[in-house]
Amino acid sequence: MARTQCSRGGRAVRGGGLGRATMGPLVVLLAVVALVAGCAGTVAPPPVPPVALSASVAPGAVDVAPAEPLVVSAAGGRLTAVTVTPTGAAPLQGTLDPAGTRWTSPQLAYGTEYRVSAAGVDEQGRPGAPLEQTFRTVAPEEMLEIRSIRPTDGQTVGIAMPISITFESPVTDRAAVERRVSVQTSVPTEGSFRWMSDEQLNWRPKEYWRPGTQVTVDARLHGVDSGGGVWGEEDRSFSFTIGRDQRARGDVNQHTLVLYQDGQELRSLPASYGRDIYPTQYGIHVAFEKHEIKRMRSDTWGGPAEGQPGFYDQNLPLAVRISNNGEFVHVNPDSVSAQGRRNVSHGCVNLSPANGEFFYNWVQMGDPVEIVGSSRPLTTRDGDIADWTIPWDEYRRGSALASA
């Protein structure tokens with residue numbers, strides 16, 4: 001006997017094959033649609049995570065380096081209150097960003113305990129767990145101090161002047177210190193740091209500076225571990241300007257000192273250089289001191305001692321120092337007859353009163369004075385500014401960060 005099945009209208013349909021084949025997929029589809037519709041109506045939104053507060057220094061940390069400020073942050077919400085209080089002092093006046101998610105402290109002090117308290121709310125305004133912690137900064141045994149800088153702040157210098165930072169004590173971790181010193185220039189300038197000694201960090205451009213360049217040096221040394229228990233004392237910033245393009249070229253064999261300005265020869269001055277036993281050294285010198293009167297003694301640079309032939313002790317006018325080994329460009333009335341003809345000095349460049357006055361008034365600190373034709377080179381042992389005697393690739397290798 002054939003089976004009888006119910007149709008949608010209640011009529012009996014004989015034979016199962018045709019009805020099962022035509023109605024089955026539709027029923028399944030409707031069931032799926034109903035199931036999906038039912039599920040969609042019951043899906044709950046994901047929970048909103050609570051605001052999470054954190055500080056850039058771990059809770060309870062000790063011997064914290066104060067090189068960077070403390071930062072308090074809110075994730076998933078915003079800060080509503082931040083109080084950072086040094087022991088025995090008023091709370092710090094920090095800065096909150098416009099979004100209210102990041103609070104930054106001013107510079108932290110050495111040897112100080114700080115208490116941090118912060119509160120925040122999530123994106124729906126619900127308060128989260130507060131932040132409460134303390135930490136202590138390191139108390140240095142010894143401080144790294146800057147003894148001198150060159151150029152000085154606001155100075156205008158010549159195109160050959162390097163930057164020099166000299167410290168009161170040797171630097172053990174040169175990379176840590178160098179990493180905190182930056183040089184910004186108003187025009188793109190390729191340059192490099194070089195440690196001239198454990199106490200002196202220099203920077204010079206690959207080529208001479210471009211006239212008119214504005215330079216700013218930031219030495220952010222406060223909180224820097226320079227090694228051996230010595231920590232950076234303070235931040236220091238200074239700016240200077242590169243003046244006009246001026247150069248002097250001294251030819252030992254021609255007995256002349258030729259002055260150039262903006263690429264054009266300005267004046268050729270008769271000069272007398274060092275005699276054969278005391279030759280003026282060849283290479284790029286840099287003018288860096290001016291003296292209206294300078295006392296000069298031969299025994300201060302390794303020359304003849306008192307009582308020996310050739311000893312001198314004189315006060316000479318209008319002297320421009322071009323190295324730290326005793327070489328000056330200066331007036332010497334006693335050698336005027338030799339100037340332009342032969343070399344009779346102990347290594348200095350001798351000029352007449354009139355020519356010496358012109359050079360003294362014309363030269364800028366930082367102008368290059370290139371000496372050619374001599375038998376003895378200027379080296380790093382001979383001058384305070386010997387940067388230009390070092391080939392560029394070798395100069396760059398003198399950076400503590402060269403390998404990086």
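Residues numbered from 1 in each chain as written. Predicted model: local features only at pLDDT ≥ 70, side-chain atom pairs only at ≥ 80, totals over all residues. Heavy atoms only, no water.

The protein appears in an unreviewed UniProt entry as Ig-like domain-containing protein from Actinomycetospora lemnae. Under the UniProt heading Pathway (unreviewed entry), the entry covering the protein gives this text: "Cell wall biogenesis; peptidoglycan biosynthesis." (UniProt positions renumbered as here; feature names shortened; annotations may be inferred.)

As a further point, take the environment of Tyr282. Locating Tyr282 in the fold gives a position in the loop between strand S22 (264-270) and strand S23 (283-286). Among the residues examined, Tyr282 registers a relative accessible area of 34% and is labelled partly exposed. The spacing of Tyr282 and Gly373 is 91 residues in sequence and 6.7 Å in space, taken between C-alpha atoms. Not counting chain neighbours up to four residues away, the residues in contact with Tyr282 comprise Ile371, Val372, Ser374, Ser375, Arg376, Pro377 and Leu378. (Helix = DSSP H or I, 4+ residues; strand = E, 2+ residues; numbered from the N terminus. Buried < 20%, exposed > 50% of the residue type's maximum accessible area, 1.4 Å probe, protein only. Contact = heavy atoms within 4.5 Å.)

The next thing to look at is the UniProt feature "active site" (unreviewed entry) in the protein. Taken from the UniProt record, the annotation "active site" (unreviewed entry) applies to His330 and Cys348. These annotated residues cover 19 residues of sequence, but their C-alpha atoms sit close together, with the largest distance between any two at 7.4 Å. Counting through the fold element by element, His330 comes out in strand S26 (residues 328-331). Excluding residues that lie within four positions of it along the chain, His330 makes contacts with Met296, Leu316, Pro317, Leu318, Ala319, Cys348, Val349, Asn350 and Leu351. Mapping Cys348 onto the fold places it in the loop between S26 and strand S27 (349-351). Residue classification places Cys348 among the buried residues on the basis of a relative accessible area of 7%. Apart from the residues lying within four places of it in its own chain, the contact partners of Cys348 are Ser272, Tyr273, Gly274, Thr280, Gly326, Glu327, Phe328 and His330.

Moving on to the sheet that holds strand S3 (residues 52-55). In space, the four strands of this open sheet follow the order S3-S4-S7-S6, with antiparallel pairing throughout. Of all the strands in the sheet, just S3 and strand S6 (95-96) have a single pairing partner and so form its edges. (Pairing = 2+ DSSP bridges.)

Quick look at the packing of aromatic side chains now. How two aromatic rings sit relative to each other is set out by the distance from centre to centre and by the angle between their planes. Within the structure shown, the criterion is met by eight aromatic pairs. A centroid spacing of 6.4 Å and a plane angle of 75° characterise the contact between Tyr110 and Trp231, whose relative ring orientation is edge-to-face. In this pair, Tyr110 sits in the loop between strand S7 (102-104) and strand S8 (113-122) while Trp231 sits in strand S18 (residues 230-232), placing the two residues 121 residues apart along the sequence. The pair formed by Tyr110 and Trp231 is uniform in burial state, with each residue classed as buried. Taking the centre distance of 6.1 Å and the plane angle of 85° together, the rings of Trp209 and Phe240 count as edge-to-face. With Trp209 in the loop between strand S16 (200-205) and strand S17 (214-220) and Phe240 in strand S19 (residues 235-242), this residue pair connects regions lying 31 residues apart in the sequence. Looking at Trp209, the relative accessible area reads 2%, which means it is buried. Phe240 gets classed as buried once you look at its relative accessible area, which sits at 2%. Of note, Arg194 hangs over the ring of Tyr395, and the distance from its end group to the ring centre comes to 5.8 Å. Of note, Lys290 hangs over the ring of Tyr360, and the distance from its end group to the ring centre comes to 5.1 Å. (Phe/Tyr/Trp six-rings, centres within 6.5 Å; stacked < 30°, edge-to-face > 60°. Lys NZ or Arg CZ within 6 Å of the ring centre and 35° of its normal.)

As a further point, take the nonpolar core. Note on soluble globular proteins: their nonpolar side chains tend to be buried together. Ranked by size, the top nonpolar core spans 51 residues in total, and within it Phe167, Phe240, Leu257 and Phe359 carry the most contacts. Sequence-distant contacts of Phe167, defined by excluding residues within four places in its chain, comprise Leu144, Glu145, Ile146, Arg147, Val177, Trp195, Glu199, Leu201 and Leu221. Counting 18 residues, the second largest nonpolar core, distinct from the first, contains Val57, Val72, Ala74 and Val82. (Core = buried A, V, L, I, M, F, W, Y, C linked by side-chain atoms within 4.5 Å.)

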